[in-house]
Amino acid sequence: MKSGFLMLAAGAFALAAPAFADDFGDGLAAIRSEWDAASYGTTAKSARNDAFAALVEHAAAFRAQYPDRAEAVGWEGIVLSTYAGEVGAMSAMKYAKAARAALETAEKLDPTALGGGIYASLGALYSKVPGGFMGFGDDELAARYFEKALAVDPDSIDNNYFFGEFLIDQGQYARARAVLEHALEAPVAADRPVFDAGRRAEIRALLAIAARKGAS
């Protein structure tokens, strides 16, 4: 079952990245910080849209500076995926396709970058985008990407979050609850408190959905 483009914002691809003691690392941290603030720091639609529009430009410039680094290219895909959930339906597919292209490029550079986040982001895209003549959605392909993400890091809060969300969409509520409960066991991201609180709140909300639907 497709949840539509708006869910791309709710499941917004905030994936961990390694720390670097150089300009690249500082730039990557800045992209992550802006994403955290835009995703969880405001609830006003107009403010979110403006923040993500600026972040799309920032991420594109960062990728242009480091075109051979999977983390930079991957984060551009993450930002574009999130923005697809912020814009209107007429523009959403354009950004979703751009996100897919960036993530596929990142996959070719280093598929294990971002702790499996490239795979998880592709899985989320394929699970949320409509299929058929409207888009490129494909649940079977999404499932394979989630499996690859979890093979890279089975304990990642994000890899488990996105897979759990997918399982709910597939009606596999008991399995979804197990996966989401495992996501909550991930260590607290002390360096990203806004993200950590926001992501855990999303996981608990999904757990409530899985419990309710599983009992019906």
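Refer to the structure printed above.
Residues numbered from 1 in each chain as written. Predicted model: local features only at pLDDT ≥ 70, side-chain atom pairs only at ≥ 80, totals over all residues. Heavy atoms only, no water.

**Concerning the overall build of the protein**
- Assigned secondary structure in the protein consists of ten helices and zero strands.
- Each principal axis of the C-alpha atoms in the protein carries an extent, and together these give about 50 × 40 × 35 Å.
- Out of the 216 residues in the protein, the part that is buried amounts to 50%.
- At a minimum sequence separation of 6, the contacts of the protein that also span at least 24 residues come to 66%.
- Summed over its atoms, the accessible surface of the protein is roughly 9500 Å², and 56% of this surface lies on carbon and sulfur atoms.
- Measuring between centres, the 21 positive side-chain charges of the protein sit 7 Å from its 28 negative side-chain charges. (Helix = DSSP H or I, 4+ residues; strand = E, 2+ residues; numbered from the N terminus. Buried < 20%, exposed > 50% of the residue type's maximum accessible area, 1.4 Å probe, protein only. Contact = heavy atoms within 4.5 Å. Areas by Shrake-Rupley, 256 points an atom, 1.4 Å probe, with all protein chains shown as cover. Lys, Arg positive; Asp, Glu negative; His and termini not counted. Charge placed at Lys NZ, Arg CZ, Asp CG, Glu CD.)

**Details of the environment of A89**
- Relative to the helices and strands, A89 is located in helix α5 (residues 89-109).
- Through-space distance from the C-alpha of A89 to that of A61 is 25 Å; in sequence the pair is 28 residues apart.

**Description of the packing of aromatic side chains**
- For the coordinates displayed, the defined rule picks out 13 aromatic pairs.
- Between Y126 and Y145, the ring centres sit 5.8 Å apart and the planes meet at 15 degrees, which makes this aromatic pair stacked. Of the two residues, Y126 sits in helix α6 (residues 117-128) while Y145 sits in helix α7 (residues 139-152), which places them 19 residues apart along the sequence. Comparing Y126 with Y145 shows no difference in burial state: the two are buried.
- Judged by centre distance (4.9 Å) and plane angle (65 degrees), the rings of Y161 and F162 are edge-to-face. Judged on exposure class, the residue Y161 and its partner F162 are both buried.
- Taken together, the ring pairs connect Y119, Y126, F136 and Y145 into an aromatic cluster.
- Over the ring of F24 we find R69, and its NZ or CZ is 3.9 Å from the ring centre. (Phe/Tyr/Trp six-rings, centres within 6.5 Å; stacked < 30°, edge-to-face > 60°. Lys NZ or Arg CZ within 6 Å of the ring centre and 35° of its normal.)

**Some words on the nonpolar core**
- Ranked by internal contacts, the top residues of the largest apolar core, which has 63 residues, are W35, W75 and V79.
- With residues near it in sequence (within four places) discarded, V79 still touches I31, W35, L55, V56 and A59. (Core = buried A, V, L, I, M, F, W, Y, C linked by side-chain atoms within 4.5 Å.)

**Side note on α5**
- Between its terminal C-alpha atoms α5 stretches 31 Å, which fits the 30 Å expected from 21 residues at 1.5 Å a residue.
- Within α5, burial applies to A92, M93, Y95, A96, A99, A102, L103, A106 and E107.
- If you follow the buried residues of α5, they end up packed against α3 (45-65), α4 (70-84), α6 and α7. (Expected span 1.5 Å × (residues − 1).)

Spatial relationships are all this shows, so hold off on functional conclusions.
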